Amino acid sequence: MADRSLKDLIGSSQVAFAATVQAIGQSSVPGVAVDDRTVVVRVDQALNAPPEVELGAGSQVTVQLSGDLPKLKVGDQATFFADPAVYGDGIAVSEVGRLRDDTAAAGARAASLEEPSSNMEQALAEIEQDSFITHAEEADLIVRARVVRLEEAQTPELAREHDPLWWVATFEVDLVAKGDAPGLGEGGGSVSAVYANSIDIQWRKWPKPKAGQGGLWLLHKTGEELAALAPFQLLHPEDLQPSTQLDALREHGIGDA
Amino acid sequence: MPLTVVNMIPKSLSGETQQDSEPNIAVNPENPLQIVGSAFTPDPLNGNRAPIFVSTDGGMSWSLRTIVPGGPATRDISVAFADRGGALYAGTLSFSTVALNVLRTRNPFAVTPMTLLDDRGDEDQPWVSAATAGTGAGKDRVYIGHNNFNTSPRTASVELSRDARTAPAPAGFVSRVLERRSNVGQDGPPIRTAVHPDGTVYAAFHRWVSSLPSGPLDFSIDVVMTRDDNWGGGSTPFRALTDPSDNRAGRRVARNRFIRFTGSTGPLGQERIGADLAVAVDPSDSDKVWLAWCDRVGGATSTDWTVHLRRSTNRGQTWGTERRKVTNAKNPTIAVNAHGVTGFMFQQLRGTGAARRWVTVLELSGDAFRTRTRHVLHTALASDPPRQFLPYLGDYIRLLAVGDDFYGVFSGSNLPDAANFPSGVTYQRNANWNTHTLLRADNSTPVQVSVDPFFVHHSP
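Cut-off values and rules
Each residue is numbered by its place in its chain's sequence as written, counting from 1. The lettering of chains begins at A and the numbering of ligands begins at 1, in the order of writing. Whole-chain, interface and lining totals are the exception, using all residues; otherwise, since this is a predicted model, local features are given only for residues with pLDDT of at least 70 and side-chain atom pairs are given and counted only at 80 or more. Where helices and strands are cited, they refer to DSSP runs of H or I of at least four residues and of E of at least two residues respectively, numbered from the N terminus. Multiply 1.5 Å by the residue count of a helix minus one, and that product is the helix's expected span. Exposure is read from a count of other C-beta atoms within 10 Å of each residue's own; the residue is exposed at 12 or fewer, buried at 20 or more and partly exposed in between. C-beta atoms are placed from the backbone. Each residue gets a C-beta atom placed from its backbone, and two residues are in contact if those atoms lie within 7 Å. We call Asp, Glu, Lys and Arg charged. Ala, Val, Leu, Ile, Met, Phe, Trp, Tyr, Cys and Pro are nonpolar, and the rest, Gly among them, are polar. Should DSSP find at least two bridges between two strands, the strands are taken to pair. Domain delimitation follows an automatic or database domain assignment. For this entry, the nonpolar core is defined as buried Ala, Val, Leu, Ile, Met, Phe, Trp, Tyr and Cys residues connected by C-beta atoms within 7 Å. Axis geometry follows a simple rule: fit a line to the C-alpha atoms, using only the stretch in contact for helices, then measure angles between N-to-C directions, giving values from 0 to 180 degrees.

### Comments concerning unusual backbone geometry
Residues and elements named next belong to chain B.
Next, step 1: A cis geometry characterises the amide bond from alanine 169 onward to proline 170, with omega recorded as 10°.
Next, step 2: Looking at where proline 170 falls in the secondary structure, it is placed in the loop between β12 (156-161) and β13 (174-177).
Next, step 3: Here the bond from leucine 390 into proline 391 is cis, since omega is 5°, no more than 30 degrees from zero.
Next, step 4: Among the secondary structure elements, proline 391 is positioned in the loop between β25 (373-381) and β26 (398-402).
Next, step 5: Its identity as a non-glycine residue notwithstanding, valine 98 has a phi of 65°, on the positive side.
Next, step 6: Checked against the element boundaries, valine 98 lands in the loop between β7 (88-94) and β8 (100-105).
Next, step 7: A positive phi angle, near 55°, is found at alanine 171, a position not held by glycine.
Next, step 8: The topology assignment puts alanine 171 in the loop between β12 and β13.

Shown next, in the form of structure tokens:
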């Protein structure tokens, strides 16, 4: 396997931790099939993991080593990048990448600092920002605006469990960062966007504007089905961003911002 | 111990706070120690596959395997084992595409992703049941009730395969429409199936007859039972049972019932209503079939949501009087064990105002509910935890019987208070039962209360 950057490793895995191999051919999670690439490691430091998943220092994780990477022996230390496999009394993961030096561990996130302070933190921040930029490039209209009106747009003829319950938000715009639309000029204007107001599980993460809410809104042109309701729609959790993201748009030459 | 209740969240996820609602369960009849569960539980690490719950010790302990393709979680999901061979089948609405996915794995206890057998958009609420026909290894017969909007207005359908275990995709799966009458433009979401080893397959659904002037969410429905006597074979299955009033396939067990279909609001506690249905067949006598559903007895001006339980002893041709009627309840589920004992589980909203509680009950009866044994499995304040999304507890729960044993699953508040579990409970996740506090894996940091799935096992 060719050398991979820290950012690539983080971006292609769901969890990262620095750990020391304790046992080969064993599992700390009952029921996990074991071979000579199954190792039990002791976590020295969690580097990228959500709070729901406990990877505190000293905890054990079973790692199915990648067949593309060298085997390890007891006592070896590495930074593991992995995807989930089993959650039981402990956790088992499938390795997707590995760093043997301290590139990541040495730069582990320092929670007390507000600014990115490590290679890992920097890589995570870059991945997040890349995602935003990609999303911004896909948006048809980006405006700094606040919500001035919310109204139900359409009652379905026949109710379904997973109805989106379309509503329309009207935005008062003071800056157009990308794109154009009727009713918008240099000094701003107003624009409307349809959004799913349902709290059904299917729509729970769609953005749901609140009265008076302000920020940077990434809007997408509506398709034929929704065009009669509004020219734009909100359809992604990243469609509302803090206005400070305007700087990132400028840095990447997106729109007129 | 005859009755066991187990919180299914494993110890390593002691910090999780998701709304793990709408659970389902499958028990391997060849080895009832092997059990699989599902719920709206996302992969905590947000990977590209959703987890299922697995147990290899009869439900006493559980872990999660991330083997369901389609994203880090699922929308609707249900699961079933056939009688032999150990293959697990799942019907899901994909997290990524919302399409109906029919899935299979030869071994749900491994970490190999399930195989996609069928994939079709504009669908709702797949509900899987299965059996094995023939001798020796036999052939897996799989029946997935689904609301197929591609066939509107007659949407109540069953996706079935008569030989699903090993064939490559689509493994013989085809969709068959159950609805034979006109309707308001679609049928209701729940289509439930029950399979008997003699080849009898029952499938029930809500026929939405008409809209009502009392409101856009008000409908008049029929509760319809269909039957096939040869494993759903041929191009026009499920026509063995006709209604004497119009000679069409599908016996209308209840007619012109009022429902308020609150798909995205929650008038029953924090839960939505409008689509509750269950069916079960006696494994020792396919003539005996049970049906449960919910409707609003009081009509448009009422607030009730009432479970009805009825039985037929002549293959669905006629139906006796109501065996149970439970007000302000939902999620009925039925199973019949090898000795003809009927299990009936449901979730009832009891009390008033801020004191209202969700109460999950298992009732057992060997005499068609002339007498019954009642077990309260769980009781918790209806207002806590706050809803994260709908459905709050789920649009269904499930009860199964293997031999004489009943196996079930429900979702509810995970507040660690012994008073909430009158029949006892076992937690895998960390909790302080004296302070009624959930704890993270460090066994000291408090965790907020959420909705968890709970496994139920009753052994005579």
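### Considerations on helix α2 (residues 119-138) of chain A
Residue and element names in this part refer to chain A.
Next, step 1: Under the 1.5 Å per step criterion, the end-to-end length of α2 is 28 Å for 20 residues, consistent within 8% with the ideal 28 Å.
Next, step 2: Buried residues of α2: Asn119, Met120, Ala123, Leu124 and Ala136, and no others.
Next, step 3: Elements that come into contact with the buried residues of α2 comprise α1 (6-11), β2 (38-48), β6 (141-152), β10 (214-221) and α3 (246-251).

### A few points about the interface of chain A and chain B
Next, step 1: Each side of the interface is counted separately: chain A has 33 residues, and chain B has 41 residues.
Next, step 2: Take the side of chain A that touches chain B: its biggest share by element is five residues, from strand β4 (residues 77-87) of chain A.
Next, step 3: Grouping the constituent residues of the side of chain A that touches chain B by class yields 15 nonpolar, nine polar and nine charged.
Next, step 4: With two bridges joining them, β4 of chain A and strand β5 (residues 63-69) of chain B adopt antiparallel strand pairing. Its bridge partner lying in β5 of chain B, tyrosine 87 of chain A is registered against leucine 64 of chain B.

### Comments concerning the domain arrangement of chain A
Next, step 1: What the domain assignment lists for chain A is domain 1 (6-129) and domain 2 (139-155 + 163-251).
Next, step 2: Placing the centre of domain 1 of chain A and that of domain 2 of chain A at their C-alpha centroids yields a distance of 39 Å.

### Describing the nonpolar core
Note on soluble globular proteins: their nonpolar side chains tend to be buried together.
Next, step 1: Ranked by internal contacts, the top residues of the largest apolar core, which has 171 residues, are Phe17 of chain A together with Tyr89, Ala130 and Ala204 of chain B.
Next, step 2: Considering every element that reaches this core, the biggest residue donor is β4 of chain A, with seven residues.
Next, step 3: Within the second largest apolar cluster, 29 residues are counted, among which are Leu141, Ile142, Leu165 and Ala177 of chain A.

### Quick look at the sheet that holds β13 of chain B
Residue and element names in this part refer to chain B.
Next, step 1: One open sheet accounts for four strands, arranged β10-β11-β12-β13; its pairing is antiparallel. This sheet does not close on itself; its edge strands, each paired only once, are β10 (123-133) and β13. Each neighbouring strand pair of the sheet contributes to a mean axis angle of 25°, computed without reference to strand direction.
Next, step 2: The pairing of strand β11 (residues 139-148) with β12 spans six bridges and is classified as antiparallel. Bridge assignment links isoleucine 144 to a residue of β12, and that residue is glutamate 159.

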